[in-house]
Every structure is written in C-alpha cells, then in structure tokens.
Amino acid sequence: MKKQMEINHHRTYRGKAALLLVTAALLAGCASERTEDELSYRKIGIESMQSGDYEGALAAFDGALACCTGKITDLEIDICYYKAAAQYASQDTAGALETYNAMIDYDGKNANAYYLRGCLKLGTGDTDGAKQDFADAVKYNHSDYELYINIYKNLAAYDLAEDGTAYLNDAFSIKGNDAKSLAYRGEIYYLLGQYDNAIKELTSAIDAGSAEANLTLAQVYEVQQDTANAQTYYQAYVDAGVADSEAMNALAEIEMGKLNYSGALSYIEQGLAMENVPNRRALLQNQIICMEYTGDFAGAYEVMTAYTAAYPDDAEALREYTFLKSRVDTPAGTEVQGEVVVTEDTGTDGTDAGTDGGTDGTDGADGTDSGADGADAGADGADAGTSDGSGDSGQ
C-alpha cells in the first residue's frame, strides 16, 4: 500500500545536465553575487511550481543556478531545495535524491538535507538508508522539536512507528518553557497517546500565547470523542487567524455529524479558498456530500465533474458522478433508480401527479446516501511538514 510521507521540501531540475550544474556549483564553490537574473529565475520557478508546471519550474531553477559565477551563498542552497522539490513533484525521485546527495557532499552537516533525503529513501524502500539519514539529521540538529516529530510521522507512515516513537521520547531532552516548546511537547504527548499530559502542556502553551496549540488540543479532544471541546478549540484556532484547511475540514465534519450541512459547507468553502490546501481531495468529497444533502444536485455535479478529472482513480466517485449526472440531466417526473426526479416547483401545481411527484422527490433526498457512501473513498490529502516548517511540495 502506498504510504503518505510527511515531507515538505520548501526551497528546493532535472536531468544530468542540471545535476552536473548543481554539483559543480556546490562542490567547486561557485562564488558569486546574487544577480537580479538569478532572483528572477528563482521567482519564475516558484510561480511555476505553484501552478503545477514542474517542467517550467525546473528550467527556471536551472537558469538561476547558471547565473552563479562565484562563491556559493544561501541563495543557491535555497534554489537547490526548490529544485529537489520540483523533481520529486514531477515524480523524478532519483533526480531529487541526486540533488540532495550533491547538497550533502557540499555540506556534510546539512540536517535538513539529510532529513529530506531520508524521506525519499523511505519511499524507494531503502529503509536502512532512511534510518541512517534521520539519525544524521538529529545529530546535526538535535534541538528542533519539529524535526523529531516529522521523523516519527514518516516512520509511522511506513509501519515503523516503534522506531519513530524513540525519536519522540528523545525529543523530551530538549528544554524550554516558552509557548512554542510547550506546544511541541503537547503534540508529542498526543502522538504518544498520553492525552492527560497533552492537555496539560497544550493548555499551558495556549496560556503562554500559542495559537497553534488550539489545533492540537482540539485533535486530542476529538480522539477522545469529546466533540464539544474539540469544536471549541478548533474554532479558537480559526478565530486566531492562523487556521489551515485541515482545521476547516475538521470543523465541517463536526457540523456534518450534527446534520448541519449548510454550516459545514461554509467551513469547506473557507478551506478551499486558502492559499495552501494539501487536503483539497477530502474537502471536495465533503463538499459534494453536503451539496447533495442540501438538495443542490447541480452544484454537486459541477464539483464532482472537477473532482473526477483531478482524481480519476476514485471508483466510488465515478459511480457517484453517474448518479449525479442522471439527477441533473433527467427531466422532472422521470423515474431514476426507483425515484422520481422533480424540479424546484414540481408539486405546487395542485394536480395529483404534481403532489405525488413532490412527495417522492422529498423521499428521494435519501438517495443522497449514495453520495455519503462515497465519502470515505480515498481521502488522502497530501499533508506536508518540514523540519523548518516552511512551505509544502504539494504531494
């Protein structure tokens, strides 16, 4: 079964020419000023990645690195991170690995490069290599809570939770009572299943000013099936202005559990409108379900059309697409799947046929269960996280 990695390259071309360029730049010490051309190419590359044009992104990052004519700087390292992310997103895992190899050859203490290379090695089945890279990552950055947490999540995703748990326990050696440290320790307790300790640390983190701790605390209460407290802290996270699409989807599902589909749609729309939406697939699935339950079959069909184009592997969605298409295309009064399809004003003309049609149409709303049945079909948003908390690769 394909696993999902907690990997987020932020900064990171393709082909041997690109690799030779990067290797030469990194190993020979290309030393140079940050030219305007280099920065411009970098900007074009990032914009191309955001639009899904990874070929264009790789060409742009290649152009940026070609501008380097002197000593290597943080800018060139940054471009290499983006380059590796673009390689991975374009399914050139081997190329991304070579880029990280070159970066580590240049700087053998680059913890983030070790971490990211370890994530990729897990995906290729090189478990021993991944474990060694993770060990080197914490060796050169042993005071980063997020690094330990992300290593755990990656190992757990590949059925290596026991190895990952060791990293969580090691993270407790990091000291600090500031809001961020308290929030990270609370998250570690949550991942370890020690919910009482998690609540204590996260509550202290919130009191110390951590808005992000609200999200983790909401997740703690949710796993304990305390919906009221979960909703309270999800909402606090949203109100703090730092909410992400994951929180919006969680709030939507709470409202769906209450059968408040209109309220759920509001949260879903807010989540989809965000700049970074790694869980777009799950949001779209819930949007379709809510639209069906509110009787907006035309809207649900429109969203489903886009969904099936983006995720053609979802067999349940394809069946639901056929159902919704029949709802939208079939004239009022026609029987579809044992139900009578009605228009908005059917049943108001005073005739027996209209009244019966309206009644059957109301009962037919239960037919949306076929949409609810598809809710669980492959909702695997691409969560991403890095040891430095920056950006995402869109996986």
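Residues numbered from 1 in each chain as written. Predicted model: local features only at pLDDT ≥ 70, side-chain atom pairs only at ≥ 80, totals over all residues. Heavy atoms only, no water.

## What to know about the overall build of the chain
Next, step 1: What the chain contains, in helices and strands, is 20 helices and two strands.
Next, step 2: A total of 395 residues make up the chain; the buried ones form 50% of that total. (Helix = DSSP H or I, 4+ residues; strand = E, 2+ residues; numbered from the N terminus. Buried < 20%, exposed > 50% of the residue type's maximum accessible area, 1.4 Å probe, protein only.)

## What to know about unusual backbone geometry
Next, step 1: With a phi close to 60°, Asp 159 is a non-glycine residue in the positive phi region.
Next, step 2: Tracing the sequence through the fold places Asp 159 in the loop between helix 8 (145–157) and helix 9 (161–171).
Next, step 3: When its relative accessible area of 61% is taken as the criterion, Asp 159 is described as exposed.
Next, step 4: We note that Leu 259 has phi near 65°; this positive angle belongs to a residue other than glycine.
Next, step 5: Relative to the helices and strands, Leu 259 is located in the loop between helix 14 (245–257) and helix 15 (261–272).
Next, step 6: The class of Leu 259 is exposed, set by a relative accessible area of 62%.

## Some thoughts on helix 7 (residues 127–140)
Next, step 1: Given a rise of 1.5 Å per residue, 14 residues ought to cover 20 Å, and the 20 Å separating the end C-alpha atoms of helix 7 matches this to within 8%.
Next, step 2: Among the residues making up helix 7, those that are buried are Gly 129, Ala 130, Asp 133, Phe 134, Asp 136, Ala 137 and Val 138.
Next, step 3: Residues of helix 7 that are buried make contact with helix 6 (111–124), helix 8 and helix 9. (Expected span 1.5 Å × (residues − 1). Contact = heavy atoms within 4.5 Å.)

## As for the packing of helix 3 (residues 54–66) against helix 4 (residues 74–89)
Next, step 1: In the contact formed by helix 3 and helix 4, the axes pass within 9 Å of each other and the chain directions differ by 155°. Comparing the axis directions of helix 3 and helix 4 gives the class roughly antiparallel. Handedness of the helix 3/helix 4 crossing: left-handed. Here helix 3 contributes Tyr 54, Ala 57, Leu 58, Phe 61, Ala 64 and Leu 65 to the contact with helix 4, which in turn contributes Glu 76, Ile 79, Cys 80, Tyr 82, Lys 83, Ala 86, Gln 87 and Ala 89.
Next, step 2: For the contact of helix 3 with helix 4, the class distribution of residues is eleven nonpolar, one polar and two charged. (Axes fitted to C-alpha atoms, helices over the stretch in contact; angles between N-to-C directions. Parallel < 35°, antiparallel > 145°, perpendicular 65-115°, else oblique. Left-handed = near helix turned anticlockwise from the far one by under 90°. Nonpolar A, V, L, I, M, F, W, Y, C, P; charged D, E, K, R; others polar.)

## Overview of the packing of helix 10 (residues 179–192) against helix 11 (residues 195–207)
Next, step 1: Remark: helix 10 packs on helix 11, axes separated minimally by 8 Å, with the N-to-C direction vectors making an angle of 160°. One finds that helix 10 runs roughly antiparallel with respect to helix 11. Where helix 10 crosses over helix 11, the two elements pack in a sense that is left-handed. Seen from helix 10, the contacting residues are Ala 179, Leu 182, Ala 183, Arg 185, Gly 186, Glu 187, Tyr 189 and Tyr 190; seen from helix 11, they are Tyr 195, Asn 197, Ala 198, Glu 201, Leu 202, Ser 204 and Ala 205.
Next, step 2: Grouping the constituent residues of the contact of helix 10 with helix 11 by class yields nine nonpolar, three polar and three charged.

## Let's talk about the confidence of the model for the chain
Next, step 1: Scored by pLDDT, the chain comes out at a mean of 80, with 74% of its residues at no less than 70.
Next, step 2: Note on residues 1–32: pLDDT is under 50 here. Beyond four places in sequence and across chains, it has 131 contacts.
Next, step 3: Contacts from residues 332–395, a stretch scored under 50 in pLDDT, to residues over four places away or in other chains number 115 contacts. (pLDDT = per-residue confidence, 0-100.)

## Some words on the nonpolar core
Next, step 1: The biggest cluster of nonpolar side chains holds 48 residues, and the ones touching the most others in it are Tyr 234, Ile 288, Cys 290, Tyr 307 and Leu 324.
Next, step 2: Among the elements that make up this core, the one with the highest residue count is helix 14 (seven residues).
Next, step 3: Not counting residues up to four positions away in its chain, the partners in contact with Tyr 234 are Leu 215, Ala 218, Gln 219, Glu 222, Ala 247, Ala 250, Leu 251 and Ile 254.
Next, step 4: In this structure, Leu 75, Tyr 148, Leu 155 and Ile 174 belong to the second largest nonpolar core, which totals 47 residues. (Core = buried A, V, L, I, M, F, W, Y, C linked by side-chain atoms within 4.5 Å.)

## What to know about the pattern of salt bridges
Next, step 1: Within this structure, the stated rule accounts for ten salt bridges.
Next, step 2: Among the salt bridges present, the one from Arg 281 reaches Asp 313, with a minimum N-O distance of 3.6 Å. With Arg 281 in helix 16 (residues 280–293) and Asp 313 in the loop between helix 17 (297–310) and helix 18 (315–329), the pair connects residues that are 32 residues apart, well separated along the chain.
Next, step 3: In this structure Arg 281 comes out as buried when scored by relative accessible area, which is 9%.
Next, step 4: Asp 313 sits in the exposed class, given a relative accessible area of 58%.
Next, step 5: One network of salt bridges, in which partners are shared, links Arg 117, Lys 121 and Asp 133. (Salt bridge = Lys/Arg side-chain N within 4 Å of Asp/Glu carboxyl O.)

## Details of helix 18
Next, step 1: Over its 15 residues, helix 18 extends 21 Å from the first C-alpha to the last, a length consistent with the 21 Å expected when each residue adds 1.5 Å.
Next, step 2: Among all positions of helix 18, only Ala 317, Glu 320, Phe 323, Leu 324, Ser 326 and Arg 327 are buried.
Next, step 3: Of the residues flanking the start of helix 18, the one acting as N-cap is Asp 314, its side-chain oxygen 3.3 Å from the backbone nitrogen of Glu 316. (Polar contact = N/O pair within 3.5 Å; in protein donor to acceptor, adjacent residues only side chain to side chain.)

## Quick notes on the packing of aromatic side chains
Next, step 1: Per the stated rule, a full pass over the model turns up eleven aromatic pairs.
Next, step 2: Ring plane angle 40° and centroid distance 4.9 Å describe the contact between Phe 172 and Tyr 189, whose orientation is recorded as tilted. Pair noted here: Phe 172 is in the loop between helix 9 and helix 10 and Tyr 189 is in helix 10, with a separation of 17 residues, a long-range link.
Next, step 3: Tyr 189 sits in the buried class, given a relative accessible area of 18%. (Phe/Tyr/Trp six-rings, centres within 6.5 Å; stacked < 30°, edge-to-face > 60°.)

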